[in-house]
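These are the residues of each chain, in order.
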Amino acid sequence: MAPSEGCQHYADLSEMPWDIQKYYHQRFSIFSKYDEGIWMTEDAWFGVTPEPIACIIAKHIDGTASVSKTILIDCFAGVGGNVIAFAQSERWKRIYAIEKDPTALACAKHNAEIYGVRDKISWYEGDCFKILRKELAELGQHSILFASPPWGGPGYRSDTVFDLAKMQPYTLTDLLSPFRHFTEDIVLYLPRTSDIRQLANESSEGSKTTVMHYCMEGASKAVCAYYGAFAFH
Ligand SMILES: C[S@@+](CC[C@H](N)C(=O)[O-])C[C@H]1O[C@@H](n2cnc3c(N)ncnc32)[C@H](O)[C@@H]1O
């Protein structure tokens, strides 16, 4: 199937723009079914959550979320890295994917089809803050929110400690305040060097926040901060 406009499937390194060629050798750790025709946008090569990490995050959420939570909402679905992993679990009654970039959303739907989970996901194109407020508000008490926001580009790598108050385009507070109007149970996927004190300061009164590093080949790739009722022991 020919990719939709703006979506690409590179079958060979030489087809790829030079500035993203460094990601080509990672294609099978990004999506193990890459060769079945996975579609990517140029930005997704940098922003996608690699499949092994997406799967372990999905497992952690499955195993620690309250049983009263039956819906999982991915607020920044991108090309589908996380939402495909969530949809592979039988744990959830329904999965929702929100993405404002129509090209990334087209890639995510196509990629979910390759993994056989497209129909398990309800797809929304638009701004997640607006969609949570206007279209999904009544689902809050049944839902876990997962968010892998943009981090402001590869520049975050040069910071020893990443200042979450300067994250672009959404700071930690920009994310948590609207999300908490929806539900207290929120998982944020953030740079591995994220300032732990800033994450801790956002814990609700009297509650603990778990921050988990997710590693590949012995190195941390990112952290998840689990706010709300997650039963980690
Ligand atoms: C880091 S990427 C997500 C990657 C995704 N987890 C994956 O594995 O493919 C962040 C995504 O958020 C989208 N985005 C940014 N602001 C948004 C908003 N307000 N509402 C919905 N999506 C948004 C961007 O278009 C981008 O695709």
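Just so you know, these numbers come straight off a predicted model, no measurement behind them.

## Structural notes on the overall build of the protein
So, step 1. Helix and strand content of the protein: 8 helices and 7 strands.
So, step 2. Here the protein has a C-alpha radius of gyration of 17 Å; the compact-globule value for 233 residues is 17 Å, and the two agree.
So, step 3. With respect to the three principal axes, the spread of C-alpha positions in the protein is 55 × 40 × 30 Å.
So, step 4. A burial count over the protein gives 38% of its 233 residues as buried.

## Some words on the site of the ligand
So, step 1. Around the ligand, the structure places 21 residues, and the nearest of them are Gly47, Phe76, Gly78, Gly81 and Cys128.
So, step 2. Of all the secondary-structure elements, those providing two or more residues to the shell around the ligand are helix 2 (44–47), helix 4 (81–87), strand 2 (94–99) and helix 6 (128–134).
So, step 3. Residues of the shell around the ligand, tallied by class, amount to 10 nonpolar, 7 polar and 4 charged.

## Quick word on the sheet that holds strand 3 (residues 121–125)
So, step 1. Strand order in the open sheet formed by 7 strands is 3-2-1-4-5-7-6, and the pairing between neighbours is mixed. This sheet does not close on itself; its edge strands, each paired only once, are strand 3 and strand 6 (210–216). With strand direction ignored, the average angle separating the axes of adjacent strands in the sheet is 20°.
So, step 2. With respect to the sheet, helix 3 (residues 51–64) is in contact with strand 1 (71–74), strand 4 (143–147), strand 5 (186–191), strand 6 and strand 7 (219–227), its orientation differing from that of strand 6 by roughly 150°.
So, step 3. Its contacts with the sheet place helix 7 (residues 172–182) against strand 4 and strand 5, and it is angled at close to 165° to strand 4.

## Structural notes on the pairing of strand 6
So, step 1. One ladder, built from 7 bridges, connects strand 6 with strand 7; its direction is antiparallel. Within strand 7, the position partnered with valine 211 by the bridge is alanine 225.
So, step 2. The antiparallel pairing of strand 6 with strand 7 creates a hairpin that spans 2 residues between the two strands, and glutamate 217 there sits at a positive phi of about 50°.

## A short note on unusual backbone geometry
So, step 1. Of note, the amide linkage connecting glutamine 168 to proline 169 takes the cis form, showing an omega dihedral of 0°.
So, step 2. You can see proline 169 is positioned in the loop between strand 4 and helix 7.
So, step 3. Notably, glutamate 217 is not glycine yet its phi reads approximately 50°, a positive angle.
So, step 4. One can find glutamate 217 in the loop between strand 6 and strand 7.
So, step 5. The exposure class assigned to glutamate 217 is exposed, which follows from the 7 C-beta atoms found within 10 Å.

## As for helix 3
So, step 1. For helix 3, spanning 14 residues, the distance from its first C-alpha to its last is 20 Å, which sits close to the expected 20 Å at 1.5 Å a residue.
So, step 2. Considered for burial, the residues of helix 3 that qualify are Glu51, Ile53, Ala54, Ile57, Ala58 and Ile61. Viewed end-on, helix 3 has its buried residues packed into an arc of 160°, placing them on one side of the element.

## Some thoughts on the pairing of strand 5
One face of the sheet, then the other: side chains in a regular strand alternate in exactly this way.
So, step 1. Counting buried residues along strand 5, 5 of its 6 residues qualify, which places the element largely inside the surrounding structure.
So, step 2. As paired strands, strand 4 and strand 5 are joined by 3 bridges and run parallel to one another. Its bridge partner being in strand 5, alanine 147 is matched across the sheet by leucine 188.
So, step 3. Where strand 5 lies against strand 7, 6 bridges are found, and the strand directions are antiparallel.

## Overview of helix 7
In an α-helix, one turn spans 3.6 residues; hence positions three or four apart end up facing the same way.
So, step 1. All of the buried residues in helix 7 are Leu172, Leu175, Leu176, Phe179 and Phe182. One side of helix 7 carries all its buried residues, which in axial view fall inside an arc of 110°. Facing away from the buried surface of helix 7 by more than 90 degrees, the exposed residues are Ser177 and His181.
So, step 2. Buried residues along helix 7 sit against helix 6, strand 4, strand 5 and helix 8 (196–201).

## Here's the deal with the environment of arginine 94
So, step 1. Looking at the secondary structure, you find arginine 94 in strand 2.
So, step 2. Overall, arginine 94 belongs to the partly exposed group, with 15 C-beta atoms counted inside 10 Å.
So, step 3. In this structure the C-alpha to C-alpha distance between arginine 94 and leucine 72, which are 22 residues apart in sequence, comes to 6.7 Å.

Conventions adopted
Residues numbered from 1 in each chain as written. Predicted model: local features only at pLDDT ≥ 70, side-chain atom pairs only at ≥ 80, totals over all residues. Helix = DSSP H or I, 4+ residues; strand = E, 2+ residues; numbered from the N terminus. Rg over C-alpha atoms; globule rule 2.2 N^0.38 Å. Buried ≥ 20, exposed ≤ 12 C-beta atoms within 10 Å, placed from the backbone. Near = placed C-beta within 6 Å. Nonpolar A, V, L, I, M, F, W, Y, C, P; charged D, E, K, R; others polar. Pairing = 2+ DSSP bridges. Axes fitted to C-alpha atoms, helices over the stretch in contact; angles between N-to-C directions. Contact = placed C-beta atoms within 7 Å. Expected span 1.5 Å × (residues − 1). Arc of directions from axis to C-beta.

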